[in-house]
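Summary of structural features
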Amino acid sequence: MPAKKNTEDDGAKKEIKKSAGKSAKKKETAPEKKTAKAAAKKAAPGAKSAAAQASIEKKALKRASAKAPARKSGAKFAAYGGKTLVVVESPAKARTLEKILGPKYRVLASVGHVLDLPKGRLAIDVEHGFEPEYIQVRGKADLIKTLKGASAASAYTILASDPDREGEAIAWHLATLLGIETDRRCRIRMHEITERGVKSAISEPDVINMKLVEAQQARRVLDRLVGYELSPLLWYKVQRGLSAGRVQSVALRIVCEREEEIERFIPEEYWLIDVEAESADGRQYKLRVEKYKNKTFTIANEEEALKVEREIRAGTLVVDDFSTKESGREPNPPFRTSTLQQEASRRLGFAPKRTMRVAQSLYEGVDIPGRGPTGLITYMRTDSLRLAPEALEASRSFIAAAFGEKYLPERPREYAPKGRAQDAHEAIRATDASLSPESIKDHLTAEQFRLYELIWSRFIASQMRDAKVARTNLICSSADYQMKQSGAVVTFDGWGRVYPLGVKDVAMEPAVVGEELSVTEVTREQKFTQPQPRYTEAGLVKILEEKGIGRPSTYATIIDTLSLRGYVERGEEDKRLVPTKLGRVVNDFLVRYFPSIINEGFTANMEKELDQVESGGVEWKKLVSGFWDEFKPKVDDVSENAESMRPEPEKIGESCPECGKDLVIKRGRFGEFIACSGYPECKYTRKIVKSTGIKCPKCGEGELVRRRASKGKTAGRFFYGCTRYPECDYVSWKKPGKEGAAAEQPQETNDGDM
């Protein structure tokens, strides 16, 4: 049974009668709050300490204010009378839950956080235990009033925000606003939004996990301390308008260090030699030279390559070995957050942010005819590989029915992640194995279908038999040189029936040991060693996970923040992350003066300590205090003694048309622009326009240029628009010249940027 609400006037009056001494200093505006405050002032003094009195009064004020809207609500909240109110985070989830739960429940959405730290000031009391000062999120006054009124009118209130640290903090903030004690069983956690998952969760309400809340609060406080101390320092020492983050700065360092490796890299020449050969009965082979006198060697230049070719042609090519070995290939485990982001990037071309947005919509529910609103996947922020017993059973039943017993292993497969992982959630899987992607394709958007297909296939494949692959090797020798050809053939597709195996069939005809082959052609190819490539977004997610930096819920945000701040850009052709000039200056400054904090080891260790806060092993204020004691003196010292590292303006080779001084590239709130170096005397500016040289397909007069969206969900993403905007409003996400360039139109962009 859900816990009974405790927001009655009786409770508030009792608390007020108990209070004594000074009233809380916090300014109150609601009539009920004033009443509570006045009552507290009239109470008999002396029974409690000032701190205890303030605490009691604060609790009383919260409880009194929680009931306030009900007195004015009247008929407005009549529909909630006698029913159970469920509060979730998103409107989409609210619609799904209300249909599943039926008429005895009402579901409202908080639309994310309702309380947060204010912008513009630190709002952390570093002198008194690092207590954060939370305020109502701007723009949510009416929503909060509705939540309070609905909660007061309802028989019970259940908090059903997402089942992670952030969701637990949201539940705690809602409980504070609605006057619900944290020791009441008011909290449910839904790992899948299906009828079974929802009703199971709602039948077993729990208390708010304050250790989880404290872990989130510790992270929030640490990030606020770092951001609000380092950002002004960057303004003063590097450039106005900059910002820094505890985890994002480490991610920036990783990207910049890879760029430095690439710049230091010196290519080295080497040559490959391939030998085409034929047997007496017409069998053909293509071998690559690998060894000289049974040792691996490198052909360093063309002179050596010519020597190898001459000796092979002059010698006798003999078959040394021909072997075929069949081996099994185990399936990949089901997805967790990081691997889903990586695979969606590799196979679908989705950025991590897009992957998480689409996954959220699949988790929250899609209306399926005959089933109603159904959550199609389990919770998508997880580092666990665990699968529930009922999920294993359902997948095995589906596999046997759809593909036959030969595809079903003897027992269910279990997986364990490497390194640290929280096991609160399952792996990311389809909630119903029988709901194949094709069967519901007509009810999904194109991107929902593609991502659901990826998740469903990986889940089903993870419980199928090994694939069987026969690998063949041919080894031949001539004049002390050994060469090799390899082949592979899939003999049983196994899990490859539903998920790509990544094996290209290359069949080879058997050769006989000792037989001679005639050389028909020798091909020489010059190559140069290549540096490690820049990180893709998926590659950066992988390295962050491997190094223990951030959490599954933060990977996409980390990368998106670096882009929005102008510290990295995505390459036009390969979409790899390139640090900007500004990003490198910021990184150089932070690494020079804060090497012990802006580094992988420190940040990874902090993540472990946050995990210990969650498990109860570390007290959150002690963790924050230890960090602050080391961090603050360093900030003060750098502020006083560090040299400025202001980036030199980049000249574009043009003179200002208004005053004649050099034009330079500057960066503002919405990205880079061209401005006069004589600012502030001359205020000439213009946008940077990167023309593609392609005529606009809509008007035929303007050219298509590359621009960056600055608002909404697409902020930071590049699009292509016509130079004649606003006369011509053509826009496209896809690069001009590619098929279907006009298929996907940007939304929520800033008119000034188009």
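Everything quoted here is computed from the prediction, not taken from an experiment. (Residues numbered from 1 in each chain as written. Predicted model: local features only at pLDDT ≥ 70, side-chain atom pairs only at ≥ 80, totals over all residues. Heavy atoms only, no water.)

Each helix and strand counted, the protein chain has 19 helices and 26 strands in total. Buried residues in the protein chain amount to 48% of all 754 residues. Counting only contacts in the protein chain whose residues sit at least 6 apart along the sequence, the fraction spanning at least 24 positions is 69%. Total accessible area on the protein chain stands at roughly 36900 Å², and carbon and sulfur atoms take up 48% of it. (Helix = DSSP H or I, 4+ residues; strand = E, 2+ residues; numbered from the N terminus. Buried < 20%, exposed > 50% of the residue type's maximum accessible area, 1.4 Å probe, protein only. Contact = heavy atoms within 4.5 Å. Areas by Shrake-Rupley, 256 points an atom, 1.4 Å probe, with all protein chains shown as cover.)

This next bit is on the UniProt feature "active site" (unreviewed entry) in the protein chain. Here, the residues flagged by UniProt with the feature "active site" (unreviewed entry) are Y379. Relative to the assigned elements, Y379 resides in the loop between strand 13 (372-374) and helix 13 (389-403). Contacts of Y379, omitting those with residues within four sequence positions, involve D162, P163, D164, H191, Y363, H425 and I428. (UniProt positions renumbered as here; feature names shortened; annotations may be inferred.)

Tallied over the full model, the rule gives 16 aromatic pairs. Arranged with centres 6.1 Å apart and planes meeting at 85°, the rings of F398 and F403 form a pair that is edge-to-face. For the pair F594 and F631, a centre-to-centre distance of 6.2 Å together with 45° between the ring planes defines the contact as tilted. Here F594, found in the loop between helix 17 (581-593) and helix 18 (600-615), pairs with F631, found in helix 19 (residues 620-641); they are 37 residues apart in sequence, far enough to count as distant. Seen from the ring of Y535, R258 lies directly overhead, with NZ or CZ sitting 4.3 Å from the centre. In this structure, K441 is placed above the aromatic ring of F449, and the distance from its NZ or CZ to the ring centre is 4.8 Å. (Phe/Tyr/Trp six-rings, centres within 6.5 Å; stacked < 30°, edge-to-face > 60°. Lys NZ or Arg CZ within 6 Å of the ring centre and 35° of its normal.)

Here we come to the environment of T339. Locating T339 in the fold gives a position in helix 11 (residues 337-348). On the accessibility criterion, T339 (16% relative accessible area) is buried. For the pair T339 and D383, spaced 44 residues apart in sequence, the C-alpha to C-alpha distance is 9.2 Å. Here R336 takes part through its backbone nitrogen, which lies 3.0 Å from a polar atom of the side chain of T339. (Polar contact = N/O pair within 3.5 Å; in protein donor to acceptor, adjacent residues only side chain to side chain.)

Turning to the packing of helix 9 (residues 248-264) against helix 16 (residues 555-564), a few remarks are in order. Interaxial distance between helix 9 and helix 16 falls to 10 Å at its minimum, and their mutual angle equals 75°. On the basis of the axis angle, helix 9 is roughly perpendicular to helix 16. Along its contact with helix 9, which presents Q248, A251 and L252, the element helix 16 presents I558, T561 and L562. Among the residues forming the contact of helix 9 with helix 16, the class breakdown is 4 nonpolar, 2 polar and no charged. (Axes fitted to C-alpha atoms, helices over the stretch in contact; angles between N-to-C directions. Parallel < 35°, antiparallel > 145°, perpendicular 65-115°, else oblique. Nonpolar A, V, L, I, M, F, W, Y, C, P; charged D, E, K, R; others polar.)

Here the focus is the pairing of strand 16 (residues 516-528). Across 10 bridges, strand 8 (residues 269-278) lies against strand 16 in antiparallel orientation. Bridging across to strand 16, E269 finds its partner in F528. One ladder, built from 2 bridges, connects strand 11 (residues 317-329) with strand 16; its direction is antiparallel. Looking across to strand 16, one finds that L317 is bridged to L517. (Pairing = 2+ DSSP bridges.)

Moving on, we get to helix 6 (residues 165-178). Compared with the 20 Å implied by 1.5 Å per residue over 14 residues, the 20 Å span of helix 6 between its first and last C-alpha is a close match. Counting buried residues along helix 6, 12 of its 14 residues qualify, which places the element largely inside the surrounding structure. Along helix 6, the positions that sit buried rather than exposed are R165, G167, E168, A169, I170, A171, W172, H173, L174, A175, L177 and L178. (Expected span 1.5 Å × (residues − 1).)

This next bit is on the nonpolar core. Counting residues in each nonpolar core, the largest one holds 83 residues, and the members touching the most others are L159, L230, L540, F589, L590, F594 and F631. Looking at this core, the element that brings in the most residues is helix 8 (residues 210-237), giving 10 residues. Formed jointly, this core draws a minimum of three residues from each of two domains, domain 1 (77-208) and domain 2 (217-265 + 533-641). Core analysis: the next-biggest nonpolar cluster, separate from the first, contains 66 residues, V88, V107, I193 and L454 among them. (Core = buried A, V, L, I, M, F, W, Y, C linked by side-chain atoms within 4.5 Å. Domains from an automatic or database assignment.)

Turning next to the sheet that holds strand 7 (residues 156-159). The parallel open sheet is built from 3 strands, whose spatial order is 2-1-7. Either end of the sheet is taken by a strand with one partner, and the two such strands are strand 2 (105-109) and strand 7. In this sheet, neighbouring strand axes are inclined to one another by 25° on average, regardless of whether the strands run parallel or antiparallel. Strand direction decides the pairing type here: strand 1 (residues 84-88) and strand 2, joined by 5 bridges, are parallel.

For the rest of this paragraph, the subject is the pairing of strand 2. Among the 5 residues in strand 2, 4 count as buried, and that is most of the element. For the crossover from strand 1 across helix 4 (residues 91-101) to strand 2, the handedness is right-handed. (Right-handed = clockwise from strand over helix to strand, strands pointing away.)

Quick look at the environment of V126 now. With respect to the helices and strands, the residue V126 is situated in the loop between strand 4 (124-125) and strand 5 (131-132). Between the C-alpha atoms of V126 and S625, which are 499 residues apart in sequence, the distance is 8.5 Å. Excluding its chain neighbours within four sequence positions, the residues that come into contact with V126 are L225 and W628.

Take helix 19 next. Counted at 1.5 Å a residue, the expected span for helix 19 with its 22 residues is 32 Å, and the 32 Å between its end C-alpha atoms agrees. Maximal helix bending in helix 19 amounts to about 30°, located at W628. Those residues of helix 19 hidden inside the fold are in contact with strand 5, helix 8, helix 17 and helix 18. You can read the cap of helix 19 off the contacts: a side-chain oxygen lies 3.1 Å from the backbone nitrogen of K621, and it is on E619. (Bend = angle between axes of the 7 residues up to and from the residue.)

One pass over the full model with this rule turns up 0 disulfides. Free of any disulfide, C656 has its nearest cysteine sulfur in C682, 3.6 Å distant. Overall, the relative accessible area of 4% leaves C656 in the buried class. (Disulfide = S-S within 2.5 Å.)

With that settled, the discussion passes to the pattern of salt bridges. As enumerated under the stated definition, the model contains 49 salt bridges in all. Close ionic contact of D383 with R551 constitutes a salt bridge, the shortest N to O distance being 2.8 Å. Taken together, the residues span a long stretch of sequence, with D383 in the loop between strand 13 and helix 13 and R551 in the loop between helix 15 (537-546) and helix 16 at a distance of 168 residues. Both residues of the pair, D383 and R551, count as buried. Residues joined in a network through salt bridges with shared partners are E168, R185, R187, R189 and D206. (Salt bridge = Lys/Arg side-chain N within 4 Å of Asp/Glu carboxyl O.)

In this section: unusual backbone geometry. Here the amide bond leading from Y679 into P680 is cis, since omega sits at 15°, within 30 degrees of zero. You can see P680 is positioned in the loop between strand 21 (671-676) and strand 22 (685-687). With an omega dihedral of 10°, the bond running from Y725 to P726 counts as a cis peptide bond. Backbone geometry places V111, a non-glycine residue, at a positive phi of 55°. Summarising the element assignment, V111 is placed in the loop between strand 2 and strand 3 (115-116). In this structure, K293 takes a positive phi of about 55° despite not being glycine.

By secondary structure assignment, the location of Q248 is in helix 9. Taking the relative accessible area as the measure of exposure, Q248 reaches 17% and is therefore buried.

Glancing now at the side chain of R413. Tracing the chain through its elements places R413 in the loop between helix 13 and helix 14 (446-461). Using a relative accessible area of 17% as the deciding quantity, one classes R413 as buried. Engagement of the side chain of R413 in a polar contact is seen with the backbone oxygen of M464, the distance being 2.9 Å. Excluding residues that lie within four positions of it along the chain, R413 makes contacts with E330, P331, L392, S462, Q463, M464, R465 and D466.

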